[in-house]
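Structural characterization, general
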Amino acid sequence: MLPDEAITTPAPVDEEANLLEPFPTAGWLDGGDQFAIVLSGSSSCPSCPVSMVVDDNRTLSIEIGQGDGPACTADLKLRTHVLTTPAGLDPTGEITIRCSESETAVLPAL
C-alpha cells in the first residue's frame, strides 16, 4: 500500500467494482519531488515501472513490465514503487498517469 505520507485521491465507491480497483493508485511524496504508485500483479513476477515519458505538463505515461520469476503464479499482490517525479510535470494541477490504454491513476493537485 502507499506510505502514510502519500497524498492520494479518494477511491470511488462502487460495490460492484472489480476487486483490484482502485489499482493502480498513486500519491505524492516529499512535497512533489517523488510519487508512489501501487500496482497489482503476480507475486512471483511482479508488475513494475520500466520507463516514464512526460506527454505534457499534466500527463505521464509509464510503461509497466513484468518481473522475471521461475514460474509466474496466478495470484495477485500489490507492490508500491517510489519514483522521482520527472521534470516537465506541473504538480499544481491534477496529473494523469497512464499505465496502459485502459489503466490510469491520478495524482491530485498540490
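Everything discussed here concerns the structure shown above.
So, a few notes on the structure that sits alongside this text. (Residues numbered from 1 in each chain as written. Predicted model: local features only at pLDDT ≥ 70, side-chain atom pairs only at ≥ 80, totals over all residues. Heavy atoms only, no water.)

1. Focus: the overall build of the protein chain
The helix and strand tally for the protein chain stands at 0 helices and 8 strands. Along the protein chain, helices and strands appear, N-terminal first, in the series β-β-β-β-β-β-β-β. Relative to its full complement of 110 residues, the protein chain shows a buried share of 34%. Surface summary for the protein chain: the accessible area is close to 6500 Å², and the carbon and sulfur share equals 49%. (Helix = DSSP H or I, 4+ residues; strand = E, 2+ residues; numbered from the N terminus. Buried < 20%, exposed > 50% of the residue type's maximum accessible area, 1.4 Å probe, protein only. Areas by Shrake-Rupley, 256 points an atom, 1.4 Å probe, with all protein chains shown as cover.)

2. Section: the pattern of salt bridges
Applying the stated criterion to the full structure yields 2 salt bridges. As a salt-bridge pair, Asp55 and Arg98 come within 4.0 Å of each other at their nearest N and O atoms. Remark: Arg98 occurs in strand 7 (residues 95–98) and Asp55 occurs in strand 4 (residues 47–56); sequence separation between them is 43 residues. Across the pair Arg58 and Asp90 runs a salt bridge whose closest N-O atoms are separated by 2.8 Å. (Salt bridge = Lys/Arg side-chain N within 4 Å of Asp/Glu carboxyl O.)

3. Focus on the nonpolar core
Ranked by size, the top nonpolar core spans 14 residues in total, and within it Ala26, Phe35, Ile37, Leu60, Ile62, Ile97 and Leu107 carry the most contacts. Those elements giving two or more residues to this core turn out to be strand 2 (25–29), strand 3 (34–41), strand 5 (59–66), strand 7 and strand 8 (104–107). Of all the elements, strand 3 adds the most residues to this core, at 3 residues. The residues touching Ile97, leaving out its near neighbours within four places in the chain, are Ala26, Phe35, Ile37, Leu60, Ile62, Glu103, Thr104, Ala105 and Leu107. (Core = buried A, V, L, I, M, F, W, Y, C linked by side-chain atoms within 4.5 Å. Contact = heavy atoms within 4.5 Å.)

4. Digging into the pairing of strand 7
The side-chain alternation of strand 7 yields one buried face, formed by Ile95 and Ile97, and one unburied face, formed by Thr96 and Arg98. Examined bridge by bridge, strand 7 and strand 8 share 4 bridges and lie antiparallel to one another. Bridge pairing links Arg98 to Thr104 in strand 8. With antiparallel pairing between neighbouring strands as the criterion, strand 7 and strand 8 make up a hairpin whose turn holds 5 residues. (Pairing = 2+ DSSP bridges.)

5. Considering the pairing of strand 2
Strand 2 sits mainly inside the fold: 5 of its 5 residues count as buried. The alternating pattern of strand 2 places Thr25, Gly27 and Leu29 and Ala26 and Trp28 on opposite faces, both of which are buried. Bridging between strand 2 and strand 3 involves 5 bridges; their strand directions are antiparallel. The residue of strand 3 that forms the bridge with Ala26 is Ile37. Once strand 2 ends, the chain turns through 4 residues before running back antiparallel as strand 3, passing Asp30 with a positive phi of about 50°.

6. Remarks on the state of the cysteines
Throughout the structure, instances matching the rule amount to 1 disulfide. Covalently, Cys45 is tied to Cys72 through a disulfide, its sulfur atoms 2.0 Å apart. Handedness of the Cys45-Cys72 disulfide follows from its S-S torsion of about -95°: it is left-handed. Here Cys72 lies in the loop between strand 5 and strand 6 (77–84) and Cys45 lies in the loop between strand 3 and strand 4, a separation of 27 residues in the sequence. A relative accessible area of 1% means that Cys45 is categorised as buried. (Disulfide = S-S within 2.5 Å.)

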